[in-house]
Amino acid sequence: MIEFSLQVESRIITAVLPELEKLFALSAKDEDFSEILPNIDDPDFKEAWIDGLKHEAKVDRNALARLLKSPRFKFGRVEVKENDVDDLLRGLTEIRFTIRKTSLKEVVDEELEAGISSISSTHPEVQIGYFAYLLMAEVQERLIQEIS
Amino acid sequence: MKSDILSSSLSSPLLEEKTELDERLGTPWKVIVLNDPVNLMNYVVMVFRKVFGFNETKATKHMMEVHELGKSVVWVGEREQAESYAYQLQRWRLQTVLEKDD
């Protein structure tokens, strides 16, 4: 088991969790692998490729669901079985892509990479989405440190 | 004008012959990773290490190419293996394309 505590106040996590649950549901509906498919002409091969990615994305989402539903996560505690680490890392990336495409869709790439400097003047939906985005990045970063 | 030339060339027997020849000779394919604003730098390094077995230095070099130049050719070789790598990278949500190495 890999365990660590996030350096994030629990009131922020508590505030962000409902948004994350909403986004989690969206990420399952919204998944579209066709735009990232390499230039392959065979339709059967394409279908198998996309089906494979979809199936594996579901496994990754389950690992993320276990984290979000864990009773100690709202206090900043992350506990992950070693076998789940890779799935969780991918699940975290997927939900960050979903946040990027929904709550943060108005934010330009450069600003997102550098960090939104004037977050307090943005729309509340952007604010909560941005905190969720950062929280998921923090979990991912710490998890990578732990396994390195 | 260019597209007319291209479309007529695409259907020409000469090109089909060349394509078949390419396949027989095993023309190399490039696995190219594109930049995105979401994935963390250390995540990309970790994925390159996991998928290709790169050491830290090589994985970081490719990650920096993706970050600064917008893309990096991470592997070149036989098509089947290139597809396998592209699939694995996409599974890790890295934007990946395949291109013939002309």
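Residues numbered from 1 in each chain as written. Chains lettered and ligands numbered in written order. Predicted model: local features only at pLDDT ≥ 70, side-chain atom pairs only at ≥ 80, totals over all residues.

Visitor: When you look at the packing of helix α5 (residues 124–147) of chain A against helix α3 (residues 41–52) of chain B in this model, what are you seeing that I'm missing?
Guide: Any two packed helices are characterised by the angle at which their axes cross and by the distance between the axes. The N-to-C vectors of α5(A) and α3(B) enclose an angle of 45 degrees; their axes lie 10 Å apart at closest approach. It follows from the interaxial angle that α5(A) and α3(B) lie oblique. In this structure, α5(A) meets α3(B) at a crossing whose hand is left-handed. Touching Q140(A), E141(A) and I144(A) of α5(A) are N42(B), Y43(B) and M46(B), all from α3(B). The residue inventory of the contact of α5(A) with α3(B), partitioned by class, reads three nonpolar, two polar and one charged. (Axes fitted to C-alpha atoms, helices over the stretch in contact; angles between N-to-C directions. Helix = DSSP H or I, 4+ residues; strand = E, 2+ residues; numbered from the N terminus. Parallel < 35°, antiparallel > 145°, perpendicular 65-115°, else oblique. Left-handed = near helix turned anticlockwise from the far one by under 90°. Contact = placed C-beta atoms within 7 Å. Nonpolar A, V, L, I, M, F, W, Y, C, P; charged D, E, K, R; others polar.)

Visitor: I'm lost on the environment of V139(A) in this one. Help?
Guide: Residues and elements named next belong to chain A. Relative to the helices and strands, V139 is located in helix α5. Residues V139 and L89 lie 50 residues apart in sequence; the distance between their C-alpha atoms is 8.7 Å. Discounting chain neighbours no more than four positions away, the residues touching V139 are L6, V78 and L92.

Visitor: Explain the packing of helix α3 (residues 85–101) of chain A against α5(A) to me, please; I cannot follow it from the model alone.
Guide: All names here are of chain A. Viewed as axis vectors pointing N to C, α3 and α5 meet at an angle of 155 degrees, and their least axial separation amounts to 10 Å. By the angle between their directions, the pair α3 and α5 is classed as roughly antiparallel. As α3 runs across α5, the sense of the crossing is left-handed. Within the contact between the two elements, α3 uses V85, L88, L89, L92, I95, R96 and I99 and α5 uses G129, A132, Y133, M136, A137, V139, Q140, L143 and I147. Looking at side-chain class alone, the contact of α3 with α5 contains 13 nonpolar, two polar and one charged residues.

Visitor: Help me understand the nonpolar core, please; the structure alone is not making it clear to me.
Guide: Burial of nonpolar side chains together is a common tendency in soluble globular proteins. The biggest cluster of nonpolar side chains holds 21 residues, and the ones touching the most others in it are V44(B), V47(B), F48(B) and L89(B). Elements supplying a minimum of two residues to this core: β1 (29–34), α3, α4 (56–69), β2 (71–77) and α5 (79–91) of chain B. Beyond its immediate sequence surroundings of up to four residues, V44(B) is in contact with N39(B), M63(B), V66(B) and L94(B). Counting residues in each nonpolar core, the second largest holds 20 residues, with A63(A), L89(A), L104(A) and L143(A) among its members. (Core = buried A, V, L, I, M, F, W, Y, C linked by C-beta atoms within 7 Å. Buried ≥ 20, exposed ≤ 12 C-beta atoms within 10 Å, placed from the backbone.)

Visitor: Would you take a moment to explain the sheet that holds strand β3 (residues 96–100) of chain B for this structure?
Guide: What holds strands together in a sheet is hydrogen bonding between their backbones, with the strands either parallel or antiparallel. Residue and element names in this part refer to chain B. Spatial strand order, β2-β1-β3: three strands in an open sheet with antiparallel pairing. With one partner strand each, in any of the chains shown, β2 and β3 form the two edges of the open sheet. Between one strand and the next, the sheet's axes are offset by a mean angle of 25 degrees, whatever the strand orientation. With five bridges connecting them, β1 and β3 associate as antiparallel partners. Pairing of I32 across the sheet is with V97, part of β3. (Pairing = 2+ DSSP bridges.)

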